[in-house]
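Below, each chain spelled out in residue letters.
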Amino acid sequence: MPNQELLPHLFRTEYRKIVSVLCRHFGFDQIEIAEDIASDTFLTAVETWGLNGIPPNPTAWLYHAAKNRAKNYLHRNSIYENKIVPGLQKNNSVIYLEEIDLSPQNINDSQLQMMFAICHPSISTEAQIGLSLRILCGFGIEEIAGAFLTNKETINKRLYRAKEKLWDEKIKIELPGPSEIDERLETVLKTVYLLFNEGYYSVSQNETLRKDLCLEAMRLCYMLVENKNTNKPQVNALLSLMCFHASRFEARFNKNGELILYEDQDVSLWDSDLIRKGEYFLNCSASGNTVSKYHMEAAIAYWHTQKEDTKEKWENILQLYNQLLQIEYSPIAALNRTYALSKANGKEEAIIEAEKLNLTEYRFYFTLLGELYIDIDNEKAKLSFQKALSLAKTRTDKQTIQKKIDKL
Amino acid sequence: MKEFIMLFRADYSKIPKDSPEEMQAMNKKWMDWIGGIEAQNISFERGKRLTPNGKIVRANGVITDGPYAEIKETVNGHATVKVESIEDAVKIAKVCPILTVGGNVEIREIDLL
């Protein structure tokens, strides 16, 4: 790996590990100190490696440097606690100078526990995603601002407020007990899925950033699968779903960054390796007797990996959407279900059902109506697409809809 | 919002059950009907389906078996739905698959008091 790529890469992979381990050691209320120590370690690496060249084992160098910094901090802190503030509290809680454990096992455990601490239901999902990106994925504040299409100050404020809230709640860095884990896992999975969607459907033009968000979400989910306490059917279902979606990453955009619709995608660009992984995790998810919305969505995504339009495919997708909607309503699921209905039962029936939905603030509602009316009432199709056009926000969306109108 | 119970009545002998394909086709109709309701973000709860056999107990100690010779139509299922008015419930019931086999839907408001 070329030198100029090595440090950003290491930052991405190691920053979160150092922060998680230190934070678990110090306690969540010391998270800013843990972040400072980790940042300072990387700053020193930039300086030292620039002068002396890259050490033979860069990761070990970073761990060693972080450990020393943490020890110095603890040492200073204990002098302060023991000598400068003597006797103020009889049972003062001294932070002991025990060894900081940067073993692979502890790194994994700490990151997983950190995930549960950050995805705590007491803070908003936006804050959860922001903190996950910063602490679990090692994203810079600027990158996070880019992903959310906002500025650095807003993100800094949002992250600070979220941390403050977690301090107030006295959040501990630990895995929830068995009685609590399913409920807490639901919040974690929701955050992971939103993180993935943030990348997959992002309005950001930065394709590398979008892809990174998706890969990070998959990595976090994989960590949950690897731990026996969190390796649950719904976790495997979510991972399967993300594998299936990610398999189409290369086929979704053309060279100009314009979105290519599913029907027009070049199947040879689909990643067959990820499809196989998706199938593997879908099989793993088929245990126990819980059926989550992720199961339904993964199964729907599986059928989408079969490009050919068969009766069987659309009938299955329709029934899966019928079940998904019974678990949880969402406008997108309602619209997609109606599309599947048109494929399985015919356009006439789907038009009647579509008009009942009345989701008039959604652009997709009008593109769906437009699609359904093609060849049945082209005038109505045109009107629907025009309404969709007036609701479209990005340039890519507008181009896609305009093409549909021009074809009529 | 008001809550309504829907009682599905039909003559069991008229419900297609001769082949797995027929039964599956009927099942699909029900699933598509329910999916269409849920797609409108209407709170709908499927009740349990009932088998055709049963007994009727009367005060004079007379117990009779079903199916009930005197009435052809029997209740074979129910559901609850939350909508603004009985007219909205009627709109939903108008496309219920039970109508395709000569059955009917009785809609009754649940007394929440």
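Rules used in this analysis
- Residues numbered from 1 in each chain as written.
- Chains lettered and ligands numbered in written order.
- Predicted model: local features only at pLDDT ≥ 70, side-chain atom pairs only at ≥ 80, totals over all residues.
- Heavy atoms only, no water.
- Helix = DSSP H or I, 4+ residues; strand = E, 2+ residues; numbered from the N terminus.
- Buried < 20%, exposed > 50% of the residue type's maximum accessible area, 1.4 Å probe, protein only.
- Contact = heavy atoms within 4.5 Å.
- Areas by Shrake-Rupley, 256 points an atom, 1.4 Å probe, with all protein chains shown as cover.
- Lys, Arg positive; Asp, Glu negative; His and termini not counted.
- Charge placed at Lys NZ, Arg CZ, Asp CG, Glu CD.
- Buried area = accessible area lost by both parts, 1.4 Å probe.
- Salt bridge = Lys/Arg side-chain N within 4 Å of Asp/Glu carboxyl O.
- Nonpolar A, V, L, I, M, F, W, Y, C, P; charged D, E, K, R; others polar.
- Pairing = 2+ DSSP bridges.
- Axes fitted to C-alpha atoms, helices over the stretch in contact; angles between N-to-C directions.
- Domains from an automatic or database assignment.
- Core = buried A, V, L, I, M, F, W, Y, C linked by side-chain atoms within 4.5 Å.

Peer 1: In this structure, what is going on with the overall build of chain B? I would like to understand it.
Peer 2: When helices and strands are counted, chain B shows 2 helices and 6 strands. Across chain B, helices and strands are ordered from the amino to the carboxyl terminus as β-α-β-β-β-β-α-β. Taken across its 113 residues, chain B has 35% of its residues classed as buried. Here the analysis covers contacts within chain B between residues at least 6 apart in sequence; of these, 74% occur between residues at least 24 apart. As displayed, chain B has an accessible area near 7,300 Å², and 55% of this comes from carbon and sulfur atoms. With 16 positive and 17 negative side-chain charges, chain B shows a spacing of 2 Å between the two charge centroids.

Peer 1: So what exactly am I meant to see when it comes to the interface of chain B and chain A here?
Peer 2: Buried accessible area, meaning the area lost when the parts come together, often serves as the stated size of an interface. Contacts between the two partners involve 12 residues from chain B, matched on the other side by 15 residues from chain A. Between chain B and chain A, a total of about 1,100 Å² is buried, with carbon and sulfur atoms accounting for 52% of that surface. Viewed at the interface, chain A and chain B are joined by 1 salt bridge. Of the charged contacts, one joins K28 of chain B and E315 of chain A as a salt bridge, the two residues approaching to 2.9 Å between their closest N and O atoms. The dominant element in the side of chain B that touches chain A, judged by the number of residues it contributes, is helix α1 (residues 20-38) of chain B, at 7 residues. Considering only residue class, the side of chain B that touches chain A consists of 4 nonpolar, 4 polar and 4 charged.

Peer 1: Can you help me understand the sheet that holds strand β1 (residues 2-11) of chain B in this one?
Peer 2: Sheet strands pair by backbone hydrogen bonding; their relative direction is either parallel or antiparallel. Residue and element names in this part refer to chain B. One open sheet holds the 4 strands; their spatial order is β2-β5-β1-β6, and the pairing between them is antiparallel. Each of the sheet's edge strands pairs with one partner strand only, and the pair in question is β2 (43-49) and β6 (104-109). The average undirected angle you get between the axes of adjacent strands in this sheet is 25 degrees. Alignment of β1 against strand β5 (residues 73-83), held across 10 bridges, turns out to be antiparallel. By the bridge assignment for β5, F4 is matched with V81. Contacts from α1 reach β1 and β2 within the one sheet, and its direction differs from that of β2 by about 155 degrees.

Peer 1: Sorry if this is basic, but what is going on with the domain arrangement of chain A here?
Peer 2: Residue and element names in this part refer to chain A. As assigned here, chain A comprises domain 1 (1-102), domain 2 (103-231), domain 3 (233-307) and domain 4 (314-408). Computed over C-alpha atoms, the centres of domain 3 and domain 4 are 21 Å apart. Domain 3 puts 14 residues into the contact, and the matching count from domain 4 is 15 residues. Between domain 3 and domain 4, the buried area comes to about 1,300 Å², and carbon and sulfur atoms account for 70% of it. Per-residue buried area on domain 3 facing domain 4 is highest for M296, I300 and W303; these three make up 40% of the total on that side. Taken together, the links from domain 3 to domain 4 amount to 1 salt bridge. For K293, the salt bridge goes to E328, with nearest N and O atoms at 3.3 Å. A breakdown of the residues in the side of domain 3 that touches domain 4 according to their chemical character gives 7 nonpolar, 3 polar and 4 charged.

Peer 1: What is the right way to look at the nonpolar core in this model?
Peer 2: The nonpolar side chains of a soluble globular protein tend to be buried, and buried together. Residue and element names in this part refer to chain A. Within the largest apolar cluster, 93 residues are counted, with the highest numbers of intra-cluster contacts made by M114, L133, L224, L238 and M242. Setting aside chain neighbours within four positions, we find L133 in contact with G138, F139, I144, F148, L195 and L213. One finds L324, L335, A392 and I401 within the second-largest nonpolar core, a separate group that totals 35 residues.

Peer 1: Explain unusual backbone geometry here, please?
Peer 2: For residues besides glycine, phi is generally negative; the peptide bonds are generally trans as well. For N358 of chain A, which is not a glycine, the phi torsion comes out positive at approximately 55 degrees. Here N358 of chain A lies in the loop between α15 (347-357) and α16 (363-373). The phi angle at N41 of chain B is positive, at roughly 60 degrees, despite the residue not being glycine. Checked against the element boundaries, N41 of chain B lands in the loop between α1 and β2. Classification of N41 of chain B as partly exposed rests on a relative accessible area of 49%.

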